[in-house]
Amino acid sequence: MNRSTRVLLLIAGLLITSLSLHAQSGRLKAANKQYENYSYLTAVRLYEEFLRGKPGDATEAREAMTKLGFSYRKMQDTRNAERVYGELIASYPDLESEV
């Protein structure tokens, strides 16, 4: 492969990665908007979708998991709230309590 082909493939790869990350952030923003509007059922669906996409940013993943657990709690779904909080503690052992 010549040099120009490699550079072109590198640029294409970076562009695809950038678009993927932008789409992930868009999903988180949509979930946060539903959360802020107290639409917990829709927020749960969007947070679960966001987390299934394996977010690259640990801060965004932690935020999504925290709000997902809280949304489940507000919907009185304690089983899923426990599951999410357990995953949150396992993934981020240094996380301080917000309660």
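Right above here is the structure, for reference.
## What about the pattern of salt bridges?
Tallying each qualifying case throughout the model produces four salt bridges. Note that Glu63 is salt-bridged to Lys67, the shortest N-O span being 3.1 Å. Of this pair, Glu63 and Lys67 are both found in helix α3 (residues 58-74), four residues apart, which corresponds to roughly one turn of the helix. Among the residues examined, Lys67 registers a relative accessible area of 18% and is labelled buried. Of the charged contacts, one joins Glu87 and Arg83 as a salt bridge, the two residues approaching to 3.5 Å between their closest N and O atoms. Linking Glu87 with Arg83, this pair stays in helix α4 (residues 78-91), spanning four residues, or about one helical turn. What makes Glu87 partly exposed here is its relative accessible area of 37%. Here the salt bridges do not stand alone but share partners, grouping Glu48, Arg83 and Glu87 into one network.

## Details of the packing of α3 against α4
Close contact between α3 and α4 brings their axes to 8 Å; oriented N to C, the two are set at 155 degrees. With respect to α4, the element α3 is oriented roughly antiparallel. Crossing hand, α3 versus α4: left-handed. From α3, Arg62, Met65, Thr66, Leu68, Gly69, Phe70, Tyr72 and Arg73 reach across to α4, where they touch Asn80, Ala81, Arg83, Val84, Tyr85, Glu87, Leu88 and Ser91. A breakdown of the residues in the contact of α3 with α4 according to their chemical character gives eight nonpolar, four polar and four charged.

## Section: the packing of aromatic side chains
If you walk through the whole model with that rule in mind, you get five aromatic pairs. Seen from their ring centres, Tyr35 and Phe70 are 6.0 Å apart, and the 65 degrees between their planes marks the pair as edge-to-face. Of this pair, Tyr35 sits in helix α1 (residues 3-36) while Phe70 sits in helix α3; the two residues are 35 residues apart in sequence, bridging distant segments of the chain. Of the residues examined, Tyr35 reaches a relative accessible area of 18% and is grouped as buried. Ring centres of Tyr40 and Phe70 lie 6.4 Å apart, and the angle between their planes is 70 degrees; this geometry places the pair in the edge-to-face category. Of this pair, Tyr40 sits in helix α2 (residues 40-52) while Phe70 is found in helix α3, placing the two residues 30 residues apart along the sequence. A connected cluster of aromatic rings, assembled from ring pairs, spans Tyr35, Tyr38, Tyr40, Tyr47 and Phe70.

Conventions and cut-offs
Residues numbered from 1 in each chain as written. Predicted model: local features only at pLDDT ≥ 70, side-chain atom pairs only at ≥ 80, totals over all residues. Heavy atoms only, no water. Salt bridge = Lys/Arg side-chain N within 4 Å of Asp/Glu carboxyl O. Helix = DSSP H or I, 4+ residues; strand = E, 2+ residues; numbered from the N terminus. Buried < 20%, exposed > 50% of the residue type's maximum accessible area, 1.4 Å probe, protein only. Axes fitted to C-alpha atoms, helices over the stretch in contact; angles between N-to-C directions. Parallel < 35°, antiparallel > 145°, perpendicular 65-115°, else oblique. Left-handed = near helix turned anticlockwise from the far one by under 90°. Contact = heavy atoms within 4.5 Å. Nonpolar A, V, L, I, M, F, W, Y, C, P; charged D, E, K, R; others polar. Phe/Tyr/Trp six-rings, centres within 6.5 Å; stacked < 30°, edge-to-face > 60°.

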